[in-house]
Amino acid sequence: FADDLLPDCLDFAQERGVLSKEKGVSFKFGTPKDLELLQPLADKCSWKSHQNHDLATSLRGQSSFCIIAQSPASGPIAFIQYSFCWYRVEEKISAASGAEKVSELVVFLDALVYDSDTGAVAEGSNLISHDDLECVKTLLTSLALVHAARANIWYGMVDSPQSSVQFFTKYFRMSAIGKETSDVVPLVFDLKKCHFRFAILLLEETLKMKQSNTLDLNAGVAGERMVVRLPANAFEKRNNFSSAGKESRSKKAHVRLVQDVNVSKTEIFSVSANFAEEGESLTIVDPSSIDVNAPSQWDVLRLFPADGKKSLKDGTSTSPTDGFLDELEKKQRELLKLEASIEVTARGLLTKAYEETSDFHRNGSTAKRQQDEKTLDEYAAVQKRLHEADLAWQAQLDQDMDAVCDICFDGEVTPENQIIFCDTCNVAVHQGCYGIDKVPSGNYFCRACTHFDIDKEFLAAERRRGPRTKPTRPHINCELCPRRHGAFVLVHSPESANREPTDKPKKAKWVHVSCAKWHGMNYVDIERKDKIEDVNVLKNWFKDAAHKCCLCDSGIGALHQCRHEGCDMWLHLTCGRSIGTCSVQHGENCFGFYDETKLKNPPWTLACPNHSEVDPESIREDSLSVEQLVSLAKSYPPEPVPPKPFYKMTGAERKEYWADRENLRDFFAKVMSNLSGAKCVICEIGHDPNDTNKANRYCPKCGIFSHAECADPDRGEDGVCYSCRFIDENKISDKFVEPQCHMCNTSALAGGPLVKTDAKPMSMKKWKDNKAAYNRSLYGPNNFCHTLCGLWHPKCTSMDGGQKIDCFNIVMADGRRHVTHQFRCFLCGKKDGAKVHCVEECCIAPGGTKIPYFHVTCARQAGLEVSSDPDFVLACFRHANSSFVFR
């Protein structure tokens, strides 16, 4: 800071010529070693804004500073003391909540110390003159304010003596506030409105006007006319200077500079004023009746060259002309002419305003006026709500400064382990405690708020640019304690083992991460840290033991025994932390696990209030009483009664049980996961319990059971069939058509899994110019058939290891029909699709001479023999094996 800012200010001051380089003035920050050097100068100054902030405090304090100006010839010239402090401002939130204290970091100027006699005795080129002292004061104040601005401080204050008020208000635009005493004037300032360059430029202009104001006192006449701003109390008849009517303009005020012969110093003058009516002679007021002021303190506004010389003694002029007076009279005439010219325009504007007001109050515009007033009231109400929401949000942010991690109860942070707040429920957690790998750049939401879509509501409100939403807590309960707020994590249950990862069950169970850790529960996935193992065994043990918490008087969840030997008190972890009077020894903090050898008590233990030694000053303000804990436990919902086994339910109970979609989903999950008695839809061979191929299972999408080697050898362990995979990959396309078997009239679910078919025309001449028709035909790329239909047709062959069926031999040349289109299915009666006749070539339909043809899926559903042993054969009722006929 010193290497950057000090040269910048000094160079600019020397560039503008307000501080000469020959003086050798330098600036530095004060240290405790400078106390002895500065004390004599400090004793000469009686002004201090803070009496408690003496010079030694400013040199030693961490938030107090001192900048010294010194010269080689005279040593310290002046120094400024200032400090950074918190100023509490009252902000009214609402009538219900009262006033809230809000703190603002400000800079306070404690003292500006200088020798007021410096400059009065300055006679050498190396000594400090009065003008140099004025520049030093300006630079010292500028350096202090720029230091504050670089520390992100934008407001300040000072209790200034009367003699320095003009200095601060002129060069740094400070404003007086509060009650003004006889000695001290309280001033405030905005650092964004003052700059050291502005102060130096203003000082340069003032010095130039002083230098041009050269009076030849020996000659007795003045060659310059000065316009000076005088204090209001210098004249008894102040109203004579107002721009009033004709009577006041007829009076003339005369100000004279008279040398005081009683004072030896020739630069001391007094100001005398005289008012004279027309025709009366002018007299000079006795100078002794007016306070004597030095000309250096006059506020000279402008200098005018006088056309004639005015005598300082009697006021007579050596020239009949007075250019300054003529100029003022000219301006006065122009103003009077301008006033007369705008009279017509002003009358027109007033007339128009009167007409608009009259029209507004007529009955015809009453409805519009009421609507406008209603709109304004609504707008004011919205603005009030926004303001209250902002104040509440600011109050919440101030409270967050004292927050601790909800899991390890530690408020410390490290660069790699920060405390993060959920934007909706406002729970605070360490990254490491909650499994957050990286601090999010935008909003952050905990797992519970994300699970219940509360984060989406928050983001939607932000997009609407509405008021900030108040912290919203999910309506969930911990399985191990009665506390409803905190850092939650899902509990893994056997019923949810077969759910999809994106599935969000409404009846999910939750537990505090802190409760799970204290009871030794483990994460299901240590990398993701999103689920805790099932807690039913733990809860049932405590339920059978019938222990109760000594604080909330309930046996909810799981408890901890007091670590004091022989004490039989049990309590919840969250109850012990909430009451504040229990000694709780956590096993970790933001740096990791504690070293047990350095702890007074064993980690992961707590003590009841009777065996705890807690400092009363360390108890948090938000601690709960025993009555509040008991009330909180009573509001805990009762444990749900487990349903009966399904086989013991009556019809009405099953209907009521299935009315809950969650129960219905769990029931189907159990059924789909149970392969006992399941048969492959293709080969009709039952599931082998010793089969280790996990791909042989129900498809989780369509629910069809098939062996992978029968339908889709390349499917994974998830068991999703080929047709379901095709649907998932292509359903977002605008041209997507759900696959159907073109060889039968049975749906995909009834006929089993689908596979792609392949058929190439003899010639592409017909299809060359009509690609769309080709894609719609049976030769197209996206045609499917049931695996059952393709394998059992004698004219179709398997391709690509069972991934495709070659249908070239059963598709007509037009690409729209099959070769057996002229025959009807003997079972469904339809001609479309590909049909197969009985394995016996001489088979004749009953009652006629036609050969019976069947769709393969129709034959399977009708109970005909559709067998793969030894070959893929289909036999009618007459020629089927007896086992098929019996079925």
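Every value quoted in this text rests on a predicted model; they were computed, and no experiment measured them.

**Brief notes about the overall build of the chain**
And then number 1: Check the secondary structure of the chain and you find 26 helices and 32 strands.
And then number 2: Every one of the 887 residues in the chain was classed for burial, and the buried ones make up 38%.
And then number 3: Put simply, of all contacts in the chain between residues at least 6 apart along the chain, 60% involve residues at least 24 apart.
And then number 4: For the chain, the accessible area works out to roughly 53500 Å², and carbon and sulfur atoms hold 52% of it.

**Digging into the sheet that holds strand β14 (residues 488–491)**
Sheet strands pair via backbone hydrogen bonds, and the direction of the pair is either parallel or antiparallel.
And then number 1: The strand order across the open sheet built from three strands is β15-β14-β16, with neighbouring strands paired in mixed fashion. The open sheet has two edge strands with one neighbour each: β15 (510–512) and β16 (531–532).

**Observations regarding the environment of Glu104**
And then number 1: Inspection of the secondary structure assignment puts Glu104 in strand β4 (residues 98–114).
And then number 2: Considered as a pair, Glu104 and Trp86 are 18 residues apart in the sequence and their alpha carbons are 5.5 Å apart.
And then number 3: Here Glu104 is in contact with Cys85, Trp86, Tyr87 and Tyr155, once residues within four sequence places are set aside.

**Here we look at a negative patch on the surface**
And then number 1: A cluster of acidic residues, Asp326, Glu327, Glu329 and Glu334, forms a negative patch on the protein surface.
And then number 2: With respect to the secondary-structure elements, Asp326 resides in helix α8 (residues 323–341).
And then number 3: Judged by its relative accessible area of 42%, Asp326 falls in the partly exposed class.

**Overview of the packing of aromatic side chains**
And then number 1: Applying the stated criterion across every chain, the model contains 20 aromatic pairs.
And then number 2: With 5.7 Å between their ring centres and 80° between their planes, Trp518 and Trp604 make a pair best called edge-to-face. Remark: Trp604 occurs in the loop between β21 (592–593) and β22 (605–606) and Trp518 occurs in helix α14 (residues 513–518); sequence separation between them is 86 residues.
And then number 3: Overall, Trp518 belongs to the buried group, its relative accessible area being 8%.
And then number 4: The exposure class of Trp604 is partly exposed, given its relative accessible area of 29%.
And then number 5: With 4.3 Å between their ring centres and 15° between their planes, Phe823 and Tyr853 make a pair best called stacked. Of this pair, Phe823 sits in the loop between β28 (804–806) and β29 (836–837) while Tyr853 is found in strand β30 (residues 853–854), placing the two residues 30 residues apart along the sequence.

**Quick word on the confidence of the model for the chain**
Regions with low pLDDT carry predicted coordinates that are not meant to be interpreted in detail.
And then number 1: Summary statistics for the chain give a mean pLDDT of 77 and a share of 77% for residues scoring 70 or more.
And then number 2: Counting contacts from residues 232–245, a segment whose pLDDT is below 50, to residues more than four positions away or on other chains yields 11 contacts.
And then number 3: Within the model, the stretch residues 308–315 combines pLDDT values under 50 with 29 contacts to residues more than four positions away or in other chains.

**Points about the pattern of salt bridges**
And then number 1: Scanning the model with the defined rule gives 13 salt bridges in all.
And then number 2: Ionic pairing is found between Lys517 and Glu588, a salt bridge with its closest N-O pair at 2.7 Å. Taken together, the residues Lys517 in helix α14 and Glu588 in strand β20 (residues 588–589) connect sequence positions 71 residues apart.
And then number 3: Arg817 is paired through a salt bridge with Asp814; the nearest N and O atoms lie 3.0 Å apart.
And then number 4: When its relative accessible area of 35% is taken as the criterion, Arg817 is described as partly exposed.

**So, the nonpolar core**
And then number 1: Grouped together as the largest cluster of nonpolar side chains are 55 residues, with contacts concentrated most on Ile407, Tyr434, Cys446, Leu480, Val511 and Leu551.
And then number 2: What Ile407 contacts, discounting residues up to four positions off in sequence, is Val429, Cys433, Tyr434, Ala487, Val513, Ser514, Lys517, Arg577 and His586.

**Examining the environment of Val630**
And then number 1: On the secondary structure map, Val630 appears in helix α17 (residues 626–634).
And then number 2: What Val630 contacts, discounting residues up to four positions off in sequence, is Leu551 and Cys552.

**Details of the environment of Ile80**
And then number 1: Its place among the elements puts Ile80 in strand β3 (residues 75–94).
And then number 2: Between the C-alpha atom of Ile80 and that of Phe29, which follows or precedes it by 51 residues, the distance is 9.8 Å.

**Some details on the packing of helix α4 (residues 130–150) against helix α5 (residues 162–172)**
And then number 1: Their axes nearest at 12 Å, the elements α4 and α5 cross at an angle of 65°. Pair α4 / α5 crosses with right-handed handedness. Of α5, the residues touching α4 (which contributes Glu134, Lys137, Thr138, Thr141, Ser142 and Leu145) are Phe167, Phe168, Tyr171 and Phe172.
And then number 2: By residue class, the composition of the contact of α4 with α5 is five nonpolar, three polar and two charged.

**As for the side chain of Ser578**
And then number 1: Relative to the elements of secondary structure, Ser578 occurs in helix α16 (residues 573–579).
And then number 2: Ignoring any residue separated from it by four or fewer positions in sequence, one finds Ser578 in contact with Arg483, Ser623, Leu624 and Leu629.

**Here's the deal with helix α2 (residues 35–44)**
And then number 1: Taken together, the buried positions of α2 are occupied by Leu38, Leu41 and Ala42. Relative to the axis of α2, the buried residues are bounded by an arc of 105° and lie together on one face. Within α2, the exposed residues directed more than 90 degrees away from the buried face are Glu36, Asp43 and Lys44.

**What about the sheet that holds strand β25 (residues 754–758)?**
And then number 1: Spatially, the four strands line up as an open sheet ordered β26-β25-β28-β27, and their pairing is mixed. Strands at the two margins of the open sheet, each flanked by one partner only, are β26 (784–786) and β27 (797–799). Geometrically, the sheet is characterised by an average inter-axis angle of 45° between neighbouring strands, direction not taken into account.
And then number 2: The pairing of β25 with β28 spans three bridges and is parallel. Considered in β28, the bridge of Asp758 is made with Asp806.
And then number 3: With respect to the sheet, helix α21 (residues 722–730) is in contact with β25 and β26, its orientation differing from that of β25 by roughly 80°.

**Observations concerning the pairing of strand β7 (residues 184–190)**
And then number 1: With five of seven residues buried, β7 lies mostly within the body of the structure.
And then number 2: Across seven bridges, strand β5 (residues 155–161) lies against β7 in antiparallel orientation. Within β7, the residue paired with Ser160 across the bridge is Val185.
And then number 3: With two bridges joining them, strand β6 (residues 175–176) and β7 adopt antiparallel strand pairing. Looking at the pairing, Ser175 lines up with Val188 of β7.

**Brief notes about the side chain of His586**
And then number 1: Structurally, His586 is set in the loop between β19 (584–585) and β20.
And then number 2: Overall, His586 belongs to the buried group, its relative accessible area being 7%.
And then number 3: Look past the residues within four positions of His586 in its chain and what remains in contact with it is Ile407, Cys408, Phe409, Trp518, Arg577, Tyr594, Pro603 and Trp604.

**Describing helix α15 (residues 536–545)**
And then number 1: Burial in α15 covers these residues: Leu538, Lys539 and Phe542. In an axial view of α15, the angular spread of the buried residues amounts to 95°, which keeps them on one side of the axis. Across α15 from its buried face, at more than 90 degrees, point the exposed residues Val537, Trp541, Lys543 and Asp544.
And then number 2: Those residues of α15 that are buried are in contact with β18 (570–571).
And then number 3: Positive backbone phi, approximately 60°, marks Ala546, located one or two places after α15.

**Re the state of the cysteines**
And then number 1: The tally for this structure, following the rule as stated, stands at zero disulfides.
And then number 2: Cys680 takes part in no disulfide bond, and the closest cysteine sulfur, belonging to Cys683, lies 3.7 Å away.
And then number 3: Accessibility expressed as a relative area gives 1% for Cys680, which makes it buried.
And then number 4: Considering cysteine sulfurs only, Cys807 is the nearest to Cys785, which forms no disulfide, with 5.0 Å between them.
And then number 5: Cys785 gets classed as buried once you look at its relative accessible area, which sits at 0%.

So, how was this worked out
- Residues numbered from 1 in each chain as written.
- Predicted model: local features only at pLDDT ≥ 70, side-chain atom pairs only at ≥ 80, totals over all residues.
- Heavy atoms only, no water.
- Helix = DSSP H or I, 4+ residues; strand = E, 2+ residues; numbered from the N terminus.
- Buried < 20%, exposed > 50% of the residue type's maximum accessible area, 1.4 Å probe, protein only.
- Contact = heavy atoms within 4.5 Å.
- Areas by Shrake-Rupley, 256 points an atom, 1.4 Å probe, with all protein chains shown as cover.
- Pairing = 2+ DSSP bridges.
- Patch = residues over 30% accessible without salt bridge, like charges linked within 9 Å, V, L, I, M, F, W, Y side chains within 5 Å.
- Salt bridge = Lys/Arg side-chain N within 4 Å of Asp/Glu carboxyl O.
- Lys, Arg positive; Asp, Glu negative; His and termini not counted.
- Charge placed at Lys NZ, Arg CZ, Asp CG, Glu CD.
- Phe/Tyr/Trp six-rings, centres within 6.5 Å; stacked < 30°, edge-to-face > 60°.
- pLDDT = per-residue confidence, 0-100.
- Core = buried A, V, L, I, M, F, W, Y, C linked by side-chain atoms within 4.5 Å.
- Axes fitted to C-alpha atoms, helices over the stretch in contact; angles between N-to-C directions.
- Left-handed = near helix turned anticlockwise from the far one by under 90°.
- Nonpolar A, V, L, I, M, F, W, Y, C, P; charged D, E, K, R; others polar.
- Arc of directions from axis to C-beta.
- Disulfide = S-S within 2.5 Å.

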